[in-house]
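Breakdown of the fold
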Amino acid sequence: MANSDSDLFLDTRPTLEEIRSWGKSFDKLMRSPSGRKAFREFLRCEYSEENILFWLACEELKKETNPEAIEEKARFIYEDYISILSPKEVSLDSRVREIVNRNMVEPTPHTFDEAQLQIYTLMHRDSYPRFINSSQFKTLAQIPDGVSASGSTAESPSN
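Residues numbered from 1 in each chain as written. Predicted model: local features only at pLDDT ≥ 70, side-chain atom pairs only at ≥ 80, totals over all residues. Heavy atoms only, no water.

1. Concerning the packing of helix H4 (residues 33-45) against helix H8 (residues 113-132)
Orientation of H4 relative to H8, taken along the N-to-C sense of each, is 90°, at an axis distance of 10 Å. The angle between H4 and H8 places the two elements in the roughly perpendicular class. In contact with Ala38, Phe39, Phe42 and Leu43 of H4, H8 contributes Met123, Ser127, Tyr128, Arg130 and Phe131. Here the residues of the contact of H4 with H8 are counted per class, giving seven nonpolar, one polar and one charged. (Axes fitted to C-alpha atoms, helices over the stretch in contact; angles between N-to-C directions. Helix = DSSP H or I, 4+ residues; strand = E, 2+ residues; numbered from the N terminus. Parallel < 35°, antiparallel > 145°, perpendicular 65-115°, else oblique. Contact = heavy atoms within 4.5 Å. Nonpolar A, V, L, I, M, F, W, Y, C, P; charged D, E, K, R; others polar.)

Structure (C-alpha cells):
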C-alpha cells in the first residue's frame, strides 16, 4: 500500500494535467503506466486487482514471438486467471470461457483477446467510475471534495 503520492510514482511523476485526463478517459488511464499503477492500487483496495493483472498479462503475451514462451505464458495466464480453481479467477461469461478453452488447444498471442476485452469493459463500467470519484484519485488530481472528477460541483445542502 502506498504511503503517499510520491511512493506511488517512483519512476516518473505524471503531470497534474495527465492525472486529470484519467478522469475523463478510461483509455487514457489504461495507456498511462502511472495511471495503471494508481488504478491497480485502487483495485487492490476493492479486492479486484486480478482484473488489471489479467489485462496486463494479456498485454505481455501479445508482445511474445517465441512459440514455446507463448504456450508457457498462456498456460500461466489460464491457471492464474481463468481456471475455476484459481483464487485470482476473473469473471467471464460462459461464451468467452468457451472461446478461451478452444484457443488453449493451440495458444497464440491472441488466445485471450475476447476475455481481455470483457475484463477491460468490466473495469471500465464497474470499477472506473468508483475510481474517479474516490478520494485516492481526487487527491492525486488535486480535486477538492464535493467536486466530481468531470469538474461539476456536487449539490451541497445550504446552511
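2. Comments concerning unusual backbone geometry
For Tyr47, which is not glycine, the phi dihedral falls at a positive 60°. Along the chain, Tyr47 falls in the loop between H4 and helix H5 (49-63). Among the residues examined, Tyr47 registers a relative accessible area of 74% and is labelled exposed. Its identity as a non-glycine residue notwithstanding, Gln142 has a phi of 55°, on the positive side. As for its position among the elements, Gln142 is in the segment after helix H9 (135-140). Given a relative accessible area of 52%, Gln142 falls into the exposed group. (Buried < 20%, exposed > 50% of the residue type's maximum accessible area, 1.4 Å probe, protein only.)

3. Considerations on the nonpolar core
By size, the foremost hydrophobic cluster in this structure holds 38 residues, and its most contacted members are Phe39, Phe54, Phe112, Met123 and Phe131. The residues contacting Phe39, other than those within four sequence positions of it, are Phe26, Leu29, Met30, Ile52, Met123, Ser127, Tyr128 and Phe131. (Core = buried A, V, L, I, M, F, W, Y, C linked by side-chain atoms within 4.5 Å.)

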